[in-house]
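Coordinate analysis (summary)
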Number of protein chains: 2
Amino acid sequence: MSKTTSQPRAKATQKPTRIQREKTRAILEAALEVFSKRGFRGATLDMIAEEAQLSKPNLLYYFASKEALHAELLAGLMEKWLEPLAQIEQNGDPITEICAYIERKLELAEEYPRESRLFANEIIQEAPRSKNALNGYLKELVDEKTILIQRWIDAGKIAPVDPHHLIFSIWATTQHYADFDTQIQAMMDEGYEQRFITAKAYLVDLFTKVLKP
Amino acid sequence: MSKTTSQPRAKATQKPTRIQREKTRAILEAALEVFSKRGFRGATLDMIAEEAQLSKPNLLYYFASKEALHAELLAGLMEKWLEPLAQIEQNGDPITEICAYIERKLELAEEYPRESRLFANEIIQEAPRSKNALNGYLKELVDEKTILIQRWIDAGKIAPVDPHHLIFSIWATTQHYADFDTQIQAMMDEGYEQRFITAKAYLVDLFTKVLKP
DNA sequence: GTCTATACATTGATAGAC
DNA sequence: GTCTATCAATGTATAGAC
C-alpha cells in the first residue's frame, strides 16, 4: 500500500516530512544563490542541482519546473522584503521613523544581498514574473506610506518633499550596496570592509538634513 | 578578382562602405534593445536579428559572435556613460558643479535608459564582461573626483561628506529611474509622466541641502 | 526518493548555394 | 552579402529501473 506516495508536488494532500522540508530548503537556498547571480535565463538546473548537491531529476521531483522554483523563491521573499517599510509607524517621530527605516533597509542589503539582486534582476528585465506582486501588495503599501508622509508634511513635522521620490531615493541608495556590490568593491579598495557602517552614517545624515522642517 | 572581399570582420584591412556602417549600426541598436531588456543570456541572436531585420547568419557576418557583439556595445558606451562625471570642473562652484552633474546624470537616464540597464545587468551579475572597464577607466575617474571632492571639503566649500558615498548615492538615485522604471511606473500612476521633472527638483534640493557647508 | 538514460527544444555558429 | 539548411552543444524535462 503506497503510504509513502506523499509527493512534495502534491503538497495539499499530506504534511511533508522533515527530510522533505530540509531538501526543499536546500534547493531554495541553492536556487537563490544561482538565480541572484545569473538571472533567470542565466541560471541552469544543473547549476542549482550541483549547488544543492543532488541530481537534476531529483531536483525536479521537488519542484515541477524551473519556473515553479523561481516563483516559489519570489513569493517566499516578498514579505521579508517589504517588512521594513510596513514597520513605519504613524505615531512615532517622523524623522526617527524614516531613519530607522533606512537603517533596516541597509541591514537587509547587508544580510540578504542575494534576495536584493534577485528582485533587481527581475525588475530591470521588466518584472516578467512579478508584475502582480508589484501592482498588488507593494503598490498598496507604498500608497499607504506616501499618504502618511504627506500627512507629516502637512502637519509641518518634516520638510515638504515628494513622498514618492523620497521612498525611491531610500530604495535606490540602500539597495545599491547590495545590487551593485561589484562596482562598490571596485571603487572603494580599503574602505570597502567598512562600507555598511560608513554608508549608514552617511545616509542617515543625508536624509535627516533633507527631512528637517 | 575579389575586390569585394572587404569583409567587416577584417576591419583592419579596408574602410567599411556606407552600407556596412549602416547595417552595423542597425545591429548594434537592435542588440542594445534586446540585451538591455533581457540580459546577455536572456537575449538570443534570433531576437536581435529579427529586431535588426536581417537573418541570423547575416548578423553573424557582421559580428563574429554574440560575445563580440556584446563587447562592442559595452566598449562603445563607456565613454558616453562616464562623460558627465568627467565634466565636473575643479574651478567651478562646488555645489553648482555637483548639481549640474546630477542633472546630466538624470538626463542620461531619461534619454538612454537602455544603456543604463545594460550596465546594470552586467554589474548585478558580477560584471563578467566588464571587470576591466570597472577597474580601469572608471576607477581612475572616481579616484580623481573623490580627491577633488575631499579638497572642496578641506577648503570648507561643502559639508564634510564621504566622497565615495556621495558619488554612490548620486549614481543610485539617478540611475534608479532608468533601471527600475517598471517599479516606478507601478508605484506612481498619474505622476509618472512628470517623473523626470519632479525627480530633478527633488534630487537637486536633496543634494544641495546635504552639501551646504 | 533517487538515479541513469534519454527525449525534445532552443540556440550559437557554420556550410554552401546563389 | 544574403539566404536556406544544418550541426553541435546546451538545457529543460520525462521515463523507468532500482
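From a predicted model like this one, the values you see are computed outputs, not experimental measurements. (Residues numbered from 1 in each chain as written. Chains lettered and ligands numbered in written order. Predicted model: local features only at pLDDT ≥ 70, side-chain atom pairs only at ≥ 80, totals over all residues. Heavy atoms only, no water.)

1. Some words on the protein's contact with DNA strand C
Around DNA strand C, a shell composed of 17 residues is seen, among which Q20(A), S55(A), Y62(A), L45(B) and K66(B) lie nearest. By atom count, sugar and phosphate contribute 67% of the portion of DNA strand C lying within 4 Å of the protein. Between DNA strand C and the protein, one listed contact pairs a phosphate oxygen with a backbone N or O atom of A43(B) at 3.3 Å. A distance of 3.2 Å separates a base nitrogen of DNA strand C from a polar atom in the side chain of K56(B). In terms of residue count, the dominant contributor to the surface near DNA strand C is helix α3 (residues 56-62) of chain A (four residues). Grouping the amino acids of the surface near DNA strand C by side-chain chemistry returns seven nonpolar, six polar and four charged. (Near = heavy atom within 4 Å. Polar contact = N/O pair within 3.5 Å; in protein donor to acceptor, adjacent residues only side chain to side chain. Helix = DSSP H or I, 4+ residues; strand = E, 2+ residues; numbered from the N terminus. Nonpolar A, V, L, I, M, F, W, Y, C, P; charged D, E, K, R; others polar.)

2. A closer look at helix α6 (residues 113-124) of chain B
Residues and elements named next belong to chain B. The terminal C-alpha atoms of α6 lie 16 Å apart, and with twelve residues this matches the ideal 16 Å at 1.5 Å per residue to within 8%. Burial in α6 covers these residues: E115, S116, R117, L118, F119, A120, N121, E122, I123 and I124. Positive backbone phi, at 65°, marks E126, one or two positions downstream of α6. (Expected span 1.5 Å × (residues − 1). Buried < 20%, exposed > 50% of the residue type's maximum accessible area, 1.4 Å probe, protein only.)

3. Brief notes about the relation of the copies chain A and chain B
Superposition record for chain A on chain B: RMSD 0.0 Å, screw rotation 180°, translation along axis 0.0 Å. When the rotation and shift are considered jointly, the pair of chain copies conforms to a two-fold rotation axis. Of the C-alpha atoms belonging to chain A, the one lying closest to the rotation axis is found on A172(A), 2.6 Å away. (Least-squares fit on C-alpha atoms with pLDDT ≥ 70 in both.)

4. Structural notes on the layout of surface pockets
Any empty space left between the atoms is revealed when a probe the size of a water molecule rolls over them. Residues and elements named next belong to chain B. The volume enclosed by the largest pocket comes to roughly 230 Å³. Taken together, R25, L28, E29, L32, E72, L73, G76, L77, K80, Y112, R114 and E115 form the lining of the largest pocket. Those elements giving two or more residues to the lining of the largest pocket turn out to be α1 (18-42), α4 (66-86) and α6. For the lining of the largest pocket, the element with the most residues is α4, which contributes five residues. (1 Å grid on protein atoms, 1.4 Å probe; cavity = no way out; pocket = protein on both sides within 12 Å on 5 of 7 lines; lining within 4 Å. Points joined across faces, edges and corners; volume = space filled by probe spheres on them.)

5. Describing the protein's contact with DNA strand D
Near DNA strand D you find 18 residues, and of these L45(A), K56(A), Q20(B), S55(B) and Y62(B) are the closest. The sugar-phosphate share of atoms of DNA strand D within 4 Å of the protein amounts to 64%. A distance of 3.4 Å separates a phosphate oxygen of DNA strand D from a polar backbone atom of A43(A). One nitrogen or oxygen atom from the main chain of L45(A) is found 2.8 Å from a phosphate oxygen belonging to DNA strand D. Elements that contribute at least two residues to the surface near DNA strand D include exactly α3 of chain A together with α1 and α3 (56-62) of chain B. When residues in the surface near DNA strand D are grouped by element, the largest group, four residues, is from α3(B). Class assignment for the residues of the surface near DNA strand D results in seven nonpolar, seven polar and four charged.

6. So, the interface of chain A and chain B
Listed per partner, the contact involves 53 residues of chain A and 53 residues of chain B. Run the count over chain A and chain B and you get two salt bridges. Of the charged contacts, one joins K139(A) and D189(B) as a salt bridge, the two residues approaching to 2.8 Å between their closest N and O atoms. On inspection of chain A and its partner chain B, the count reaches 18 residue pairs in polar contact (both at pLDDT 80 or more). Listed by contribution, the elements that provide at least two residues to the side of chain A that touches chain B are α1 (18-42), α6 (113-124), α7 (131-154), α8 (163-179), α9 (181-188) and α10 (195-211) of chain A. Here the residues of the side of chain A that touches chain B are counted per class, giving 25 nonpolar, 15 polar and 13 charged. (Contact = heavy atoms within 4.5 Å. Salt bridge = Lys/Arg side-chain N within 4 Å of Asp/Glu carboxyl O.)

7. Structural notes on the domain arrangement of chain A
Residue and element names in this part refer to chain A. According to the domain assignment, chain A consists of domain 1 (9-69) and domain 2 (73-211). The straight-line distance from the C-alpha centre of domain 1 to that of domain 2 is 29 Å. Every contact between the two is made by eleven residues of domain 1 and, on the other side, eight residues of domain 2. For the domain 1 and domain 2 pair, buried surface summed over both sides reaches about 890 Å², with 56% attributable to carbon and sulfur atoms. Broken down residue by residue, the surface that domain 1 buries against domain 2 is led by L32, S36 and F40, which jointly contribute 53%. Summed over the shared surface of domain 1 and domain 2, the number is three salt bridges. Notably, a salt bridge pairs R114 with E33, separated by 2.7 Å at the nearest N-O pair. Seen at the junction of domain 1 and domain 2, the total is five residue pairs in polar contact (both at pLDDT 80 or more). Within the residue set of the side of domain 1 that touches domain 2, elements represented by two or more residues are α1 and α4 (66-86). Across the side of domain 1 that touches domain 2, the residue classes tally to six nonpolar, two polar and three charged. (Domains from an automatic or database assignment. Buried area = accessible area lost by both parts, 1.4 Å probe.)

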